[in-house]
Amino acid sequence: MKITSAKVIVCAPSRNFVTLKIETDEGLTGIGDATLNGRELAVASYLTDHVIPCLIGRDPQQIEDIWQYLYKGAYWRRGPVTMSAIAGVDTALWDIKAKAANMPLYQLLGGKSRTGVMVYGHANGKDIGHTVEEVLRYKEMGYKAIRAQSGVPGLEKVYGVGRGTMFYEPADADLPSEHDWSTEKYLRHTPELFDKVRAAVGPDIHLLHDAHHRLTPIEAGRLGKDLEPYRLFWLEDTTPAENQESFRLIRQHTTTPLAVGEIFNTIWDCKDLIQNQLIDYIRATVVHAGGITHLRRIADFAALYQVRTGCHGATDLSPVCMGAALNFDLWVPNFGIQEYMRHTEETDAVFPHAYTFKDGYMHPGETPGHGVTIDETLAAKYPYQRAYLPVNRLQHDGTLCSW
Ligand SMILES: O=C(O)[C@@H](O)[C@@H](O)[C@H](O)[C@H](O)CO
Ligand SMILES: [Mg+2]
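Residues numbered from 1 in each chain as written. Chains lettered and ligands numbered in written order. Predicted model: local features only at pLDDT ≥ 70, side-chain atom pairs only at ≥ 80, totals over all residues. Heavy atoms only, no water.

**Some points on the overall build of the chain**
Step number 1: Tallying secondary structure elements over the chain gives 13 helices and 16 strands in all.
Step number 2: Taking 22 Å as the expected radius of gyration for a compact globule of 403 residues, we find that the chain reaches 20 Å, a close match to that expectation.
Step number 3: Overall size of the chain, expressed as C-alpha extent along the three principal axes, is 60 × 45 × 40 Å.
Step number 4: Buried residues in the chain amount to 58% of all 403 residues.
Step number 5: Across the chain, every contact between residues at least 6 apart in sequence was considered, and the portion connecting residues at least 24 apart equals 72%.
Step number 6: With an accessible surface of roughly 15700 Å², the chain has 52% of that area assigned to carbon and sulfur atoms.
Step number 7: For the chain, the separation between the mean place of its 40 positive charges and that of its 49 negative charges on side chains is 3 Å. (Helix = DSSP H or I, 4+ residues; strand = E, 2+ residues; numbered from the N terminus. Rg over C-alpha atoms; globule rule 2.2 N^0.38 Å. Buried < 20%, exposed > 50% of the residue type's maximum accessible area, 1.4 Å probe, protein only. Contact = heavy atoms within 4.5 Å. Areas by Shrake-Rupley, 256 points an atom, 1.4 Å probe, with all protein chains shown as cover. Lys, Arg positive; Asp, Glu negative; His and termini not counted. Charge placed at Lys NZ, Arg CZ, Asp CG, Glu CD.)

Below, the structure is given as structure tokens:
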């Protein structure tokens, strides 16, 4: 089998997506997500101008060799642009291989390890009362795990509070919008949020929360300790994780489970965190961590240390990534949970898919491949529109901080 052509499809049904489509001389095609929120065209160019010329004529069945060729052959290794581009190729090749084998991707990986993939949804509100209502609405929809994020009194715009109800998209302007931040206000507010949420939702629903890289390690330890009475499933991205060692301090102060890694793109970003058991869940996922091939390596390494997977699944990861991730989740032995932010109807129409949601669990479907396709005619009706993630400044003096 030979790769005869490949192309990048950039479209924006509700938000920007980058999709790589690979075609072969045996009529099989595969697609992969290569979306990097706020830097989409960098990945599109990386693929079109540098990767695709090297793919033509290669055997698409040689997934591992192509992965190593693209990772080592670039000389400049790692990073979100490179690894999202490699992920797009890798996912498309696994899609082709599973179609050639006439089986869903999870079967090719080793078959199912569970009856379904437990997912968590995003309940958010402008204040505690509204957030409690949203958490109860998600419980009503059948979710067994719900992330709760709310506005913080005294702060105008805070991460995680959407503009709609089901649809949350942080990239919101042609140039980065500016949010304000106060750790003090946030640390005062969040325990109160979970006191009310846990009291309303009962003991059986898994509750999650995302601190979104904003705390120092000792502040993270304090928040983790303050949230212990509410038994969170995980507290996510408490502190910027470039310094993996800093999680040791957090661990010393709290038993609240820790999740990190949605912005990681290789095993090297999380090696120390995992082998020192400084985290409980690794959030890396298909589109930003080099595809199925590399994510499988991360998961197998994590399994040695009883660290479980918790793949990122926000709306800026396309349905192609969701389909591939659900196949991965159904197979992976040390599965933890899958994030599931529902896409809009426009997005779902451009990316028809086999995956389904029922009573808090998802299934990738039985379609050969990863089970997601792209309607190119419809995609063409939604041209790219530059959009950035916000930047964040301390409310009291304007210092730029993590968003
Ligand atoms: O856990 C999450 O889903 C968030 O951290 C994401 O929504 C993140 O803000 C976006 O993916 C950034 O593009
Ligand atoms: Mg997050």
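On we go from here.
**Notes on empty space enclosed by the protein**
Step number 1: Per the counting criterion, the structure on display carries 3 cavities of 30 Å³ or more.
Step number 2: The space that makes up the largest cavity amounts to roughly 100 Å³.
Step number 3: Looking at the largest cavity, it is lined by 15 residues, and the ones nearest its centre are Q149, V158, Y159, Y186 and H209.
Step number 4: Taken together, the elements giving at least two residues each to the lining of the largest cavity come down to strand 5 (145-150), helix 6 (183-201) and strand 7 (206-210).
Step number 5: In terms of residues, the lining of the largest cavity owes the most to one element, helix 6, which gives 4 residues. (1 Å grid on protein atoms, 1.4 Å probe; cavity = no way out; pocket = protein on both sides within 12 Å on 5 of 7 lines; lining within 4 Å. Points joined across faces, edges and corners; volume = space filled by probe spheres on them.)

**As for the packing of aromatic side chains**
Step number 1: Applying the stated rule across the entire model yields 14 aromatic pairs.
Step number 2: With a centroid separation of 6.0 Å and an interplanar angle of 25 degrees, the aromatic rings of Y340 and F357 are classed as stacked. You can see Y340 sitting in the loop between strand 12 (338-339) and helix 12 (345-350) and its partner F357 sitting in strand 13 (residues 356-358), a full 17 residues away along the chain.
Step number 3: We classify F357 as partly exposed; its relative accessible area is 22%.
Step number 4: Taken together, the ring pairs in this structure connect Y120, F233, W234 and Y281 into an aromatic cluster.
Step number 5: The residue whose ring lies beneath R15 is F17, and the NZ or CZ to ring-centre distance is 5.4 Å.
Step number 6: One cation-aromatic arrangement involves R214 over W181; the distance from NZ or CZ to the ring centre is 4.8 Å. (Phe/Tyr/Trp six-rings, centres within 6.5 Å; stacked < 30°, edge-to-face > 60°. Lys NZ or Arg CZ within 6 Å of the ring centre and 35° of its normal.)

**A closer look at the sheet that holds strand 6 (residues 178-181)**
Step number 1: Reading across the sheet, the 3 strands line up as 6-15-16 and stay open at both edges, with mixed pairing between neighbours. In this open sheet, the two edge strands, each paired with only one partner strand, are strand 6 and strand 16 (400-401).
Step number 2: Examined bridge by bridge, strand 15 (residues 391-394) and strand 16 share 2 bridges and lie antiparallel to one another. Paired with R393 across the strands is L400, a residue of strand 16. (Pairing = 2+ DSSP bridges.)

**Things to note about the site of ligand 1**
Step number 1: Close contacts around ligand 1 come from 17 residues, with N37, Y159, H212, E262 and E339 the closest.
Step number 2: R283 places a side-chain nitrogen or oxygen 2.9 Å from an oxygen atom of ligand 1.
Step number 3: In this structure, E339 approaches ligand 1 through a side-chain N or O atom, which is 2.4 Å from an oxygen atom.
Step number 4: The protein chains hide 96% of the 340 Å² of surface that ligand 1 would expose on its own.
Step number 5: With respect to the pocket detection grid, ligand 1 is positioned in the largest pocket.
Step number 6: Taken together, the residues of the shell around ligand 1 break down into 6 nonpolar, 4 polar and 7 charged. (Near = heavy atom within 4 Å. Polar contact = N/O pair within 3.5 Å; in protein donor to acceptor, adjacent residues only side chain to side chain. Sits in = over half its atoms within 2 Å of the grid points. Nonpolar A, V, L, I, M, F, W, Y, C, P; charged D, E, K, R; others polar.)

**Observations concerning the coordination of the magnesium ion (ligand 2)**
Ideal geometry at a metal gives 109.5 degrees between four tetrahedral donors and either 90 or 180 degrees between six octahedral ones.
Step number 1: Protein-derived ligands of the magnesium ion (ligand 2) are D210 (OD), E236 (OE) and E262 (OE), with the metal-ligand distances lying across 2.0 to 2.3 Å.
Step number 2: For the magnesium ion (ligand 2), the donor residues sit on a single chain with the sequence spacing D-x25-E-x25-E. Highlighted residues: D210 in strand 7 and E236 in strand 8 (residues 234-236), separated in sequence by 26 residues.
Step number 3: A relative accessible area of 2% means that D210 is categorised as buried. (Donors = N, O, S within 2.8 Å, 3.2 Å for Na, K, Ca; no water.)

**Some points on the packing of helix 2 (residues 63-72) against helix 10 (residues 291-303)**
Step number 1: It is the contact of helix 2 with helix 10, at a shortest axis distance of 9 Å, that shows an interaxial angle of 90 degrees. As summarised for this structure, helix 2 and helix 10 are arranged roughly perpendicular, according to the angle between their axes. Residues I63, E64, W67 and Q68 of helix 2 lie in contact with helix 10, whose contacting residues are T293, H294 and R297.
Step number 2: Split by residue class, the contact of helix 2 with helix 10 holds 2 nonpolar, 3 polar and 2 charged. (Axes fitted to C-alpha atoms, helices over the stretch in contact; angles between N-to-C directions. Parallel < 35°, antiparallel > 145°, perpendicular 65-115°, else oblique.)

**Overview of the sheet that holds strand 3 (residues 29-33)**
Step number 1: Ordered in space as 1-2-3, the 3 strands form an open sheet in which the pairing is antiparallel. The sheet terminates laterally at strand 1 (3-11) and strand 3, the two strands that pair on one side only. Adjacent strand axes in the sheet meet at a mean angle of 20 degrees when their direction is disregarded.
Step number 2: Bridging between strand 1 and strand 2 (residues 17-24) involves 8 bridges; their strand directions are antiparallel. The residue of strand 2 that forms the bridge with S5 is E23.
Step number 3: In the packing of helix 3 (residues 80-100) onto the sheet, the strands contacted are strand 1, strand 2 and strand 3, and the crossing angle to strand 3 comes to about 145 degrees.

**Points about the domain arrangement of the chain**
Step number 1: Split by domain assignment, the chain resolves into domain 1 (3-104) and domain 2 (108-367).
Step number 2: Of note, the centres of domain 1 and domain 2, computed from C-alpha atoms alone, are 26 Å apart.
Step number 3: With 33 residues of domain 1 in contact, the opposing surface of domain 2 contributes 37 residues.
Step number 4: Between domain 1 and domain 2 the total buried area reaches about 2600 Å² when both faces are included, carbon and sulfur atoms providing 61% of it.
Step number 5: Considering only the surface of domain 1 that becomes buried against domain 2, D33, W94 and P104 emerge as the three largest contributors, covering 23% of it.
Step number 6: Linking domain 1 with domain 2 are 3 salt bridges, by the criterion used here.
Step number 7: One salt bridge connects E64 with R297, and the closest N-O pair in it is separated by 3.1 Å.
Step number 8: One can count 17 residue pairs in polar contact (both at pLDDT 80 or more) joining domain 1 with domain 2.
Step number 9: Broken down by secondary-structure element, the contributors of at least two residues to the side of domain 1 that touches domain 2 are strand 2, strand 3, helix 2 and helix 3.
Step number 10: By residue class, the composition of the side of domain 1 that touches domain 2 is 18 nonpolar, 9 polar and 6 charged. (Domains from an automatic or database assignment. Buried area = accessible area lost by both parts, 1.4 Å probe. Salt bridge = Lys/Arg side-chain N within 4 Å of Asp/Glu carboxyl O.)

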